[in-house]
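Overview (structure and organization)
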Amino acid sequence: MADIYKNCPINDPEDGGLKDEGSDNFQEAKKELETWKTKAEKADDVKARLILEKLEEDEAKAKAQQEMMACVKKQEECHKQFSQSMNAVQDEIQKLGKGKQDLMDELKRCQAELEAKRAECTRMQQKFKIYAQIPDTEVEFKSQSKEDMDDDSQPIRGKFAISQRPTVLLQGGQALITFEEEKVAYQILKLAKCSVSCDNINLDVKPRRITMDPTVKFEVHLNVSRKEVKVYNIPPSMPEERIKDRLEMSFSRPSRGGGEVESVEYDKNTGTGQVTFLHPGVAESLALRGSCRVNLDSEVIVPVGSIYKYQLHQFQTFCGSPKRTILLDDIEDKEDEEDLQDHLEIHFQKPSNYGGEIESIKYISGGKTLQAFFCDDSLQTS
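Residues numbered from 1 in each chain as written. Predicted model: local features only at pLDDT ≥ 70, side-chain atom pairs only at ≥ 80, totals over all residues. Heavy atoms only, no water.

Description of helix H3 (residues 182-189)
Basically, it comes down to this: Note on classification: 1.4 Å probe, protein chains only; a residue is buried when its accessible area is under 20% of the maximum for its type, exposed when over 50%, partly exposed between these limits. Here a strand is any run of E in DSSP of at least two residues, a helix any run of H or I of at least four, and the numbering for each starts at the N terminus. What the arc describes is the spread of directions from the helix axis to the C-beta atoms. We call two residues in contact whenever any of their non-hydrogen atoms come within 4.5 Å of each other.
Buried within H3 are the following residues: Val184, Ala185 and Ile188. One side of H3 holds all its buried residues, which, seen down the axis, span an arc of 95°. Exposed residues lying more than 90 degrees from the buried face of H3 are Lys183 and Tyr186. Buried residues belonging to H3 abut strand E3 (174-179), strand E5 (201-208), strand E12 (325-329) and helix H6 (337-349).

In structure tokens:
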């Protein structure tokens, strides 16, 4: 419409034009035309913007649909995996249930066999039980006098001397040399470094003094009772006094390796007891066997052990450094371990190198470690 108005001539004198009295209407029409042109241009801009927004929305919609399809596919895969896992769990539950039922059946069968064995045992006991009339006999028990006691009642005594040997951890690229004379080691330690010839090369090694960690030496005096034993793992199935009576009865039977009991102690908190026999030798025999049958509410087998009493004597500590042994450090691995050790020994044996006779030498190449032990006579203690 704007183009039509634009192509139409206005106030053309050849066509007669408009009259002067209609010029005001013409101006108003022209302004209205400009207004409509502006609105049309704005409408076109709005249309273009809407089309662009529609395209963007369509693209976002397509992307959202793709994401939704991916989520749906992932959800289906998760549901499939969940179903598979659930089926596997159900199968495992069924297997466990079947295993449980089998175990219950086995337990019932074993219980039935146990009851049958008990019934058979009871029947056999009744069948082979012997009844006999034992005449009354007067018996007088007397304690053993001190004069009749011999050395067998004394405990078994032992003394053990324990001494810790000082050690040094030899790292890779280090060597230990022990000289026969102290003055040689003293002379070598005065040197900052020593140049050792190895075929066509020279190695610089650093002599160092060895500092030992503190060591200890002590004696352990051990006494093992000949008349007492320790009893373990006693089940608290009865009152304390009854358990003590049952222990005394069980350990007094010679058929079970016991003998005449002098006293019995029992601690219900720890489940342990102590049995003291009247004569020596019984405790040793039971301790060697390691167990004994005891009649409580039922017959049980309890562990039995000797009673030890030990003391620590003459505890001493030592520290210092060896007088005849030095450490060679910062040795480079230029040759074989044995060849390099031979070169070190040759070098430090020469008096021209401030060396002397070597008692022992040990070299460790890189990447290795060695624990070296020293004797007490090679230390200067303080």
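Thoughts on the pairing of E12
The cut-off we apply is this: Two strands pair if DSSP finds at least two bridges between them.
Summarising burial for E12: five of the five residues are buried, a large majority. Going residue by residue along E12, you find Thr325, Leu327 and Asp329 tucked away on one face and Ile326 and Leu328 tucked away on the opposite face as well. Bridge count between E3 and E12: four bridges; the pairing is antiparallel. Pairing of Thr178 across the sheet is with Thr325, part of E12. Bridge count for E5 against E12 is three bridges, and the pairing is antiparallel. Counted as the bridge partner of Lys206 is Asp329 from E12.

Considerations on unusual backbone geometry
If you check the backbone angles, Gln314 has positive phi at about 50° while not being a glycine. Relative to the elements of secondary structure, Gln314 occurs in strand E10 (residues 299-318). One non-glycine residue with positive phi stands out, namely Asp330, at about 60°. Mapped onto the fold, Asp330 is located in the loop between E12 and H6. Residue class for Asp330 comes out partly exposed when judged on its relative accessible area of 37%.

Some points on the sheet that holds E5
Going by this rule: The axes are straight lines fitted to the C-alpha atoms, using for helices just the contacting stretch, and the angles between their N-to-C directions are given from 0 to 180°.
The strand order E4-E5-E12-E3-E13 describes an open sheet built from five strands, whose pairing is antiparallel. Looking along the sheet, the strands with just one partner apiece sit at the ends: strand E4 (194-198) and strand E13 (358-364). Averaged over neighbouring strand pairs, the angle between their axes works out to 30° when direction is ignored. Seen against the sheet, H6 touches E3, E4, E5, E12 and E13 and runs at an angle of roughly 145° to E13.

Looking at a nonpolar patch on the surface
What counts, and what does not: Only residues whose relative accessible area exceeds 30% and that form no salt bridge enter a patch; like-charged residues are grouped when within 9 Å of one another, and nonpolar side chains (Val, Leu, Ile, Met, Phe, Trp, Tyr) when within 5 Å. Surface exposure here means Shrake-Rupley accessible area, sampled with a 1.4 Å probe, where a residue is shielded only by the protein chains that are shown. A carboxyl oxygen of Asp or Glu within 4 Å of a side-chain nitrogen of Lys or Arg is what we treat as a salt bridge.
A contiguous nonpolar surface patch, about 290 Å² in accessible area, is contributed by Ile51, Leu52 and Leu55. Looking at the element boundaries, Ile51 is found in helix H2 (residues 23-128). Under the relative-accessibility criterion, Ile51 is labelled partly exposed at 44%.

The quantities given are spatial measurements derived from coordinates; they are silent on function.
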